[in-house]
Every structure is written in structure tokens, then in C-alpha cells.
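Breakdown of the fold
Next come the chains, spelled out residue by residue.
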Amino acid sequence: MLITGEHKLAIGRLDLSSINTGARKRLARKIVDVDNVYLLNLNREKGILLVLAVEGDTWKLIEDTAADPQKGFSEIYRESSIDREGIEIIVRAAQSQLARSPGRPAQYKDAQEGQEIFVAHIYEGKPIRQIAKEMHMSPSTVQKILNRVRLHVADDLVNGVLPLDPESGTYAQSLEVLRWAVKNSTGEKQDKYRTFLHSVLM
């Protein structure tokens, strides 16, 4: 019998009582081993959790899809290393999307889906088609959400909301986001991105 408890989930610290430990055995073991584990995002419909595990100077981004024995699905657990700046970019991008997109349909919300897509494509290097398949979306929907998040991240970099530190492990990805913004914008916004990127690279 599965132990349920995911109705208690909220964005914040995770403990064993707040997850379905029977369907998330690998995630449960991580929670046992690491004191500081936080929920970043929850997709109840797909059973996907996006989790941050912090152990000293080691930061792990975890995507966990619950097992579903009735459908014959095993738990899918993906873990990747990421630095503090990367987490800040993900969280701030999601927050800015939530604040700036009040009129978007509820089916695909950038604050929920965008951070997963951004991480998968920008940090993990996954192709759009693979992300679309994993998230049960069309490739065009994934691309549209990713593009919106990239532009908001570029704005936050230009405006100093997000740091741009050459010593950071995410510096190269941030530059690529800015380079993409230059190529995919027009007028004043394009000039703003280009001027900022030139100043960074001087």
C-alpha cells in the first residue's frame, strides 16, 4: 500500500511526511541523506516534482516523477549539479513570468512549466523534441514557453536583477541567453541587449 501525503506539498522545505514515499523511493532516500531539500515546483497532473537538494557547497537539481504501479510506470529520477546563480535564475525567471503573464491560459503556465523547460534546455542541453515528449507537450509549445522565459531572464540580467559573474558556473549559459535575445528581438530591446552584451565582453 502506498503512503500518500502529497496533498500537503507546498513550495518550501520537503520532508518524508509530505511525499508519497512508496512512489518516490529514490527521492525519499535523498531526503534521508540530505538535510536541506526544497520543493521548487509541483506538477500534480503529471506527478512531477522539481526539487533542490543542498549539501554543503553541493547543489543538486532533481526532477522526480512518481511511480504508478497501476499503469506499470516506475519512478523517474533525474539529478544534475547546479550552482547558486543557476538556481537564482530559475526561481527569478519563474517569479517574473508569474507576475508578467496574467492573461495567459492556465493550461501551460510559465511559472510552473517554464523553469523545467529552461533548466532542461539551457543547463542540461536537452533538445526541444525530447523535452516536449517528456512533458507531454508539442514542440512548438515548449519552444514558445522557453522563448518567453529566455527573454525575461535576459531582461533580468540587463537590469541587474540577476548577477552576471564571470567566475560563476552559469556565466557561459547567461551569455548565450543574452546572445539569443539579441538575435530574437527588434528595435530598442535589441539595442539594449546588444549594448549590454558588448559592455560585458569588453
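Residues numbered from 1 in each chain as written. Predicted model: local features only at pLDDT ≥ 70, side-chain atom pairs only at ≥ 80, totals over all residues. Heavy atoms only, no water.

**Section: the overall build of the protein chain**
From N to C terminus, the protein chain includes seven helices and five strands. Ordered by position from N to C terminus, the α and β elements of the protein chain give β-α-β-β-β-β-α-α-α-α-α-α. Across the protein chain, contacts joining residues at least 24 apart in sequence account for 48% of those joining residues at least 6 apart. Summed over all atoms, the accessible surface of the protein chain reaches about 11,000 Å², with 51% contributed by carbon and sulfur. (Helix = DSSP H or I, 4+ residues; strand = E, 2+ residues; numbered from the N terminus. Contact = heavy atoms within 4.5 Å. Areas by Shrake-Rupley, 256 points an atom, 1.4 Å probe, with all protein chains shown as cover.)

**Some details on the packing of helix 6 (residues 171–183) against helix 7 (residues 187–201)**
Where helix 6 contacts helix 7, the two axes come as close as 8 Å, and the packing angle between them is 145°. Considering the relative orientation of helix 6 and helix 7, their crossing is left-handed. Where helix 6 abuts helix 7, its residues Tyr171, Leu175, Leu178, Arg179, Ala181 and Val182 lie against Gln190, Tyr193, Arg194, Phe196, Leu197, Val200 and Leu201. Considering only residue class, the contact of helix 6 with helix 7 consists of 10 nonpolar, one polar and two charged. (Axes fitted to C-alpha atoms, helices over the stretch in contact; angles between N-to-C directions. Left-handed = near helix turned anticlockwise from the far one by under 90°. Nonpolar A, V, L, I, M, F, W, Y, C, P; charged D, E, K, R; others polar.)

**Examining the confidence of the model for the protein chain**
Caution applies to low-pLDDT parts of the model: their predicted coordinates are not meant to be read in detail. In the predicted model, the protein chain carries a mean pLDDT of 79, and 80% of its residues have values of at least 70. Looking at the elements of the protein chain, mean pLDDT is at its lowest for helix 2 (residues 84–100), recorded as 57, and at its highest for helix 7, recorded as 91. Scored below 50 in pLDDT, residues 1–5 shows 12 contacts in the model against residues more than four places distant or in partner chains. This model gives residues 97–110 a pLDDT under 50, and the stretch forms 24 contacts once residues within four places in sequence are excluded. (pLDDT = per-residue confidence, 0-100.)

**Quick look at the pattern of salt bridges**
Side-chain pairing between opposite charges can occur once the charged atoms of the two side chains come close. Counted by the stated rule, this structure contains 11 salt bridges. Note that Glu79 is salt-bridged to Lys60, the shortest N-O span being 3.9 Å. Note that Glu79 is positioned in strand 5 (residues 76–81) and Lys60 in strand 4 (residues 58–65), a separation of 19 residues in sequence. The class of Lys60 is partly exposed, set by a relative accessible area of 22%. Three or more residues joined by partner-sharing salt bridges are found here, namely Glu63, Arg78, Glu124, Lys126 and Glu134. (Salt bridge = Lys/Arg side-chain N within 4 Å of Asp/Glu carboxyl O. Buried < 20%, exposed > 50% of the residue type's maximum accessible area, 1.4 Å probe, protein only.)

**Considering helix 4 (residues 128–135)**
Residues of helix 4 that are buried include every one of Ile128, Ile131, Ala132 and Met135, and no others. All buried residues of helix 4 fall inside an arc of 100° around its axis, so they share one side. The outward face of helix 4, more than 90 degrees from its buried face, is lined by the exposed residues Arg129 and Lys133. The positive-phi residue at the C-terminal boundary of helix 4 is His136, with phi of around 55°. (Arc of directions from axis to C-beta.)

**Some words on the pairing of strand 3 (residues 48–55)**
Across the eight residues of strand 3, seven count as buried, placing the element largely inside the fold. In the sheet, strand 2 (residues 36–43) pairs with strand 3 via seven bridges, with the strands oriented antiparallel. Across the sheet, the residue bridging to Leu39 is Val51, located in strand 3. Taken together, strand 2 and the strand that follows it, strand 3, pair antiparallel across an intervening segment of four residues, in which Gly47 is found at a positive phi of about 70°. With eight bridges joining them, strand 3 and strand 4 adopt antiparallel strand pairing. When the sheet's bridge partners are listed, Val54 is paired in strand 4 with Trp59. In sequence, strand 3 turns back onto strand 4 through a hairpin of two residues, with Gly56 there showing a positive phi of about 65°. (Pairing = 2+ DSSP bridges.)

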